[in-house]
Structures are given as structure tokens and as C-alpha cells.
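This is what each chain is made of:
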Amino acid sequence: MNEQILARHWLAVIAPKAAPVLATSTVLILARIWNANGAEHSIGNAVLMTALALAAGAAGTFASIGAAGNAVIAGTAFAASGALAFAGVAGYADGLSLPLLLWALATAAAYGLAARYWRTDRRDRLAHERHTGERREEHAHVERVEALRAGAQIESARAGAQYAEQLATALLARASLPGYDPAALTRAGLPELPTAEMTMEP
């Protein structure tokens, strides 16, 4: 069984690893742009971001403890809550010290959470590859057994055909011998063999 082998592009390999730092860096950059456009020391903006962060956190809490317990929605809501809180602080604060500190903490937390999912995905992928390899080996073994069986049947049929041809040739050669008398074989107690005429009949 031959399967097509696809080589993943290097961007597809490193993109998931770079996603957390790209996300936190994007939030930091946008928050600092917002800071430069009037968010610094703006009470209304701070209240807005606090309300949005609390709302996202509450949505994540309800999604995690609800009847369905949807982990994807809960994780998305908590991530949005953290991003809003980070953006609010980074946009409201003076200077870059606190925003950079929060950026480093948020990036570390994002990688910590992502590492858990990466480990799970790697285990699932290895299990799938192992299962696929076992099935491939099983199918290859079945194919080898069937090929050997078919080869044995072909050889048996070929040997039978050769034997039948040799027997027919021997009967024809015996019938053409001078003095051949099939009745003498019958009188001697031997079974009567088919004659050349009998072998030629359909």
C-alpha cells in the first residue's frame, strides 16, 4: 500500500507556536496606539474596558458551569476577558513598564495553556499514526498471504495441466505402438485405459 507523503510547509509548522506571542503582541500594540490617541487617564475608557472584561469573564464562567459545560466557549470567553483586561491596563497606564510586564505574563500564560493542548494533540497524532501503521502492516500481511495462496493455486493448476498433457501424449504414443491390444489388458485384469479416440471425444 503506497500512500502519498505530504511535506508540511515551514510556515505551517511554526505558525501554531508563534500564535500566542503574536496575539499578545497585537493586543499590546493596539492598546498603546489607543493610549496615544487619548485613552491615557480616561476614566470612561477604563470603566468600559473593565465592564467588557468582567462581562467576558462572566460569560466564560457560565459556559464552564452550565449544563453543557462547553470548554471551547469557556476558554474563548476567558481569553477574551484576559485580553480586554490587558488592553485596558496597557491603554490606560503611563509609560511602557507595566504594559510590558503584563505582556510578558500574558504571553507566558498563553504558552502554558497552549502547551497543554499541544501535548494532547501530539498524543492523539501519535496514537493515530500508530493505529494507521498497525492497519497498514495488517493489510500488507493479508496481501502477502493472498498473493502466496494465489501463486500456489496457479502453480497447482499449471502442474495439473502439464500432467494432463503428458498423459494425453502418453496415451497417443501407446496407441500408436505396433501390436497394441487394449483387450489384452482387460483380460489380464488391468483397468481399461481410454483410447486415443476416447480422449479426442468432447
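Predicted model, so just to flag it, every value in this text is computed and none were measured. (Residues numbered from 1 in each chain as written. Predicted model: local features only at pLDDT ≥ 70, side-chain atom pairs only at ≥ 80, totals over all residues. Heavy atoms only, no water.)

Participant: How would you sum up the overall build of the protein? Please name residues and give values.
Facilitator: In terms of helices and strands, the protein carries six helices and zero strands. Counting from the amino terminus, helix and strand elements in the protein follow one another as α-α-α-α-α-α. Out of the 202 residues in the protein, the part that is buried amounts to 16%. By sequence separation, contacts in the protein at least 24 residues apart represent 66% of the contacts at least 6 residues apart. In the form shown here, the protein has an accessible surface area of approximately 14800 Å², with 67% of it arising from carbon and sulfur atoms. (Helix = DSSP H or I, 4+ residues; strand = E, 2+ residues; numbered from the N terminus. Buried < 20%, exposed > 50% of the residue type's maximum accessible area, 1.4 Å probe, protein only. Contact = heavy atoms within 4.5 Å. Areas by Shrake-Rupley, 256 points an atom, 1.4 Å probe, with all protein chains shown as cover.)

Participant: So what's going on with the packing of aromatic side chains? Residues and values would help.
Facilitator: What characterises a pair of aromatic rings is the spacing of the ring centres plus the angle enclosed by the ring planes. As enumerated under the stated definition, the model contains one aromatic pair in all. Considering the side-chain rings of tyrosine 111 and tryptophan 118, the 6.2 Å spacing of their centres and the 65° angle between planes classify their relative orientation as edge-to-face. Taking the relative accessible area as the measure of exposure, tyrosine 111 reaches 27% and is therefore partly exposed. The class of tryptophan 118 is partly exposed, set by a relative accessible area of 26%. (Phe/Tyr/Trp six-rings, centres within 6.5 Å; stacked < 30°, edge-to-face > 60°.)

Participant: For the nonpolar core, give the residues involved together with the corresponding values.
Facilitator: Of all hydrophobic cores here, the largest spans six residues; its members are Leu28, Ala31, Met49, Phe86, Ala87 and Ala90. Of all the secondary-structure elements, those providing two or more residues to this core are helix H1 (10–39) and helix H3 (71–92). Among the elements that line this core, the one with the most residues is H3, at three residues. Discounting chain neighbours no more than four positions away, the residues touching leucine 28 are Phe86, Ala90, Pro99, Leu100 and Trp103. (Core = buried A, V, L, I, M, F, W, Y, C linked by side-chain atoms within 4.5 Å.)

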